[in-house]
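Descriptive structure summary
Here are the chains, one letter per residue:
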Amino acid sequence: MSEINLLESVTAFLQRSHGHYINGVSILGQENETFPVVNPATGETIATVNQGGETEVNQAMQAASAAFHGVWAETSPMERGNCLNRLADLLLKNSEELAQLESLCSGKPIQLSRMLDVGASADYLRYFAGWSSKISGETLDVSLPSFKGEKYTAFTRREPIGVVVGIVPWNFSIMIAIWKLGAALTSGCTVVLKPSEYTPLTMLRVAELAKEAGIPDGVINVVNGLGARIGSSLIAHPLCDKVTFTGSVPTGMIVGKSALEQGLKHTTLELGGKNAAAFLSDMTVEKIVDGILEAGYVYQGQICAAAERFYIPSVHMEAVLALLSERLSAMKIGSPLDESTEMGPLANKEHYEKTLSLFEKARQEGSEIVYGGHALERKGFFVMPTVIRANSAEDTLMKEETFGPIGTFLSYDDEEELIAMMNATPFGLSASLWTNDLGKAMRMTSRIEAGILWINMHTFLDPAVPFGGVKSSGMGREFGSAFIEHYTELKSVIMRY
Ligand code: TXE
């Protein structure tokens, strides 16, 4: 198949001058410096964006604060939900334009951009919209005795935290931003989003659609620029009440520390890890390989919850590696704009170079590269899907996040040893267990250290199910009712009468 035609609206949008979206207006800002947006499938610059500075940070934070205390505070909970639903409608109405922009900037195969960055984003917005009218406190009985016939009553209120700074990575530039925006707006907060410098365009377009959806000016703001500069200025800003961050563990640690030091600001961190997928011996080789492809190779492995460590019963190991290599060799690698593409490029040059250095590291450590392990000879940042057989749990690729299409495999014989190996990591975002013996799976569930555990599936997220990591993979939970705790403050009121 060939590439789809770009919509005229996409070409026109790319040709515009880009900067930031503040208080309901697209602006270029005052800095002269620009940075390029590179299409990872070609390595070519497709747009340039003005770097933000202190002025834009200040303007965005002030706009968000004014909207928080003003127009958004006066908007009823039901209307907040209606706003999110109308934005969901507009995402779907403009779905092809948004999906094409996402694929051009991130290298995500177009079918995935349509399904996740647009389709799922609309679903998440509708889920959060439903919560706007259901966030409430409770009435409490005062426990201590009263004096001289006085009476007491008490209740709690869930009050929106305030201005939320949302720092977003490049892998789902719309969907992850929508997770943060949806949770904040439904709770009555306003947001300033800082997209990744690799994918700064899509949220500028979504912010315009938010205005069309009737979301008041100042409620959603977008400031673009380098993370260390703009991200840290937003966190340090006195009007920032909360930080929600998705990204790498090292950056997450910097963000968390700085939010704490800059005034104990509330922080939600959703970080990466080194997620495990473990297959028990009752699974067939075919089912194991299907599971591995689902867990580790979708979207070039660039999903924070994807599996990178695979534990296979030794009796099945050889057959699994052989069939997996065969299935990967049939995978269609190509342009993200080709609807039949199953695997596109890595999202940016730095990530591509890091991935190539990890292949080299595996070679130096004497791990067996069973399949792939090199770049593709074509322009853009393409690498082969890769299968590595580790020597031991101490191999770098069994310990460090690659965030690429690289599965590293170890065999095991003993299920007690398996649980110990799965948990022997400082991280704990996700894990999966694959078996037909659901009794055994249930007994193992409580022993696996992960924020989300899938049984016979992997990487499936749902707005109704809390998501977040344990250990160094994060703090706090998104989705479900769990998000409420992270976007509202609990106020207790006691009254004497
Ligand atoms: O992520 P960062 P990067 C992993 C993946 C990748 C590596 C680096 O392994 O190769 O991280 O990618 C902003 N204060 N993941 O550099 O640094 C930055 O501008 C405040 C995993 O893109 O975590 C961007 O908006 N903000 C991940 C966001 O933080 C700062 C998804 C994420 O950047 C900042 C993407 C600072 N000091 C990459 N420095 C996942 N787990 O989902 C940077 N930023």
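Residues numbered from 1 in each chain as written. Predicted model: local features only at pLDDT ≥ 70, side-chain atom pairs only at ≥ 80, totals over all residues. Heavy atoms only, no water.

The protein has the name Aldehyde dehydrogenase in an unreviewed UniProt entry, where Xenorhabdus khoisanae is given as its organism.

**Things to note about the overall build of the protein**
Helix and strand counts for the protein stand at 16 helices and 22 strands. Relative to a compact globule of 497 residues, whose C-alpha radius of gyration would be 23 Å, the protein shows 24 Å and is just as compact. Sorting the 497 residues of the protein into buried and exposed places 58% on the buried side. Restricting to contacts in the protein with at least 6 residues of sequence separation, those with at least 24 account for 73%. Carbon and sulfur atoms provide 54% of the accessible area of the protein, an area that totals close to 19,800 Å². Separation between the mean location of the 40 positive side-chain charges and that of the 57 negative ones in the protein comes to 6 Å. (Helix = DSSP H or I, 4+ residues; strand = E, 2+ residues; numbered from the N terminus. Rg over C-alpha atoms; globule rule 2.2 N^0.38 Å. Buried < 20%, exposed > 50% of the residue type's maximum accessible area, 1.4 Å probe, protein only. Contact = heavy atoms within 4.5 Å. Areas by Shrake-Rupley, 256 points an atom, 1.4 Å probe, with all protein chains shown as cover. Lys, Arg positive; Asp, Glu negative; His and termini not counted. Charge placed at Lys NZ, Arg CZ, Asp CG, Glu CD.)

**Looking at empty space enclosed by the protein**
Under the criterion given, the structure shown has three cavities of 30 Å³ or more. Only β12 (275-279), α14 (415-423), β17 (427-428) and β18 (430-434) provide two or more residues apiece to the lining of the largest cavity. Within the lining of the largest cavity, the residues separate by chemical class into five nonpolar, five polar and three charged. Volume-wise, the second largest cavity comes out at about 50 Å³. Tallying contributions element by element places helix α7 (residues 202-212) first for the lining of the second largest cavity, with three residues. Tallied by class, residues from the lining of the second largest cavity come to six nonpolar, two polar and two charged. (1 Å grid on protein atoms, 1.4 Å probe; cavity = no way out; pocket = protein on both sides within 12 Å on 5 of 7 lines; lining within 4 Å. Points joined across faces, edges and corners; volume = space filled by probe spheres on them. Nonpolar A, V, L, I, M, F, W, Y, C, P; charged D, E, K, R; others polar.)

**Points about the sheet that holds strand β13 (residues 307-313)**
Spatial strand order, β14-β15-β16-β13-β12-β18-β19: seven strands in an open sheet with mixed pairing. Both outer strands of the open sheet, β14 (368-371) and β19 (452-455), are each paired with one neighbouring strand and no more. For this sheet, the mean angle separating the axes of adjacent strands, direction not counted, is 25°. Summarising the sheet, β12 and β13 pair through four bridges and their orientation is parallel. Following the sheet pairing, A276 is matched in β13 by R309. Sitting on the sheet, helix α12 (residues 349-364) touches β14, β15 (386-389) and β16 (406-412), and the angle it makes with β14 is about 125°. Taken strand by strand, helix α15 (residues 438-445) contacts β18 and β19, and its axis lies near 170° from that of β19. (Pairing = 2+ DSSP bridges. Axes fitted to C-alpha atoms, helices over the stretch in contact; angles between N-to-C directions.)

**Digging into the layout of surface pockets**
In this structure, the largest pocket occupies an estimated 880 Å³ of space. Sorting the residues of the lining of the largest pocket by element identifies α8 (227-236), β10 (242-247), α9 (249-261) and α12 as the ones contributing at least two each. The dominant element in the lining of the largest pocket, judged by the number of residues it contributes, is α9, at six residues. Looking at the lining of the largest pocket residue by residue, the classes come out as 15 nonpolar, 14 polar and seven charged. Both domains that furnish three or more residues to the lining of the largest pocket are identified here as domain 1 (8-272 + 474-496) and domain 2 (276-455). Taken together, 29 residues form the lining of the second largest pocket, with L112, M115, L116, V298 and T459 sitting closest to its centre. Looking at the lining of the second largest pocket, the elements with two or more residues in it are α5 (110-131), α6 (175-187) and α10 (285-296). Ranked by residue count, the leading element in the lining of the second largest pocket is α5, at seven residues. For the lining of the second largest pocket, a count of residues per class yields 22 nonpolar, four polar and three charged. (Domains from an automatic or database assignment.)

**Notes on the site of the ligand**
Around the ligand there are 27 residues in total, and V168, K194, E197, S248 and T251 lie nearest to it. Backbone polar atom of V168 to an oxygen atom of the ligand: 2.8 Å apart, as the coordinates give it. In the environment of the ligand, an oxygen atom lies 2.6 Å from a nitrogen or oxygen atom belonging to the side chain of K194. Of all the cavities here, the one that holds the ligand is the largest pocket. Looking at the shell around the ligand element by element, the count peaks at four residues for α8. The residue makeup of the shell around the ligand, split by class, is 12 nonpolar, 11 polar and four charged. Three or more residues apiece are contributed to the shell around the ligand by two domains, here domain 1 (8-272 + 474-496) and domain 2 (276-455). (Near = heavy atom within 4 Å. Polar contact = N/O pair within 3.5 Å; in protein donor to acceptor, adjacent residues only side chain to side chain. Sits in = over half its atoms within 2 Å of the grid points.)

**Considerations on a nonpolar patch on the surface**
A contiguous nonpolar patch, built from V142, L144 and I494 and spanning about 320 Å² of accessible area, is present on the exposed surface. Within the secondary structure, V142 is located in the loop between β5 (139-140) and β6 (152-160). Look at V142 and you get partly exposed, because its relative accessible area is 35%. (Patch = residues over 30% accessible without salt bridge, like charges linked within 9 Å, V, L, I, M, F, W, Y side chains within 5 Å. Salt bridge = Lys/Arg side-chain N within 4 Å of Asp/Glu carboxyl O.)

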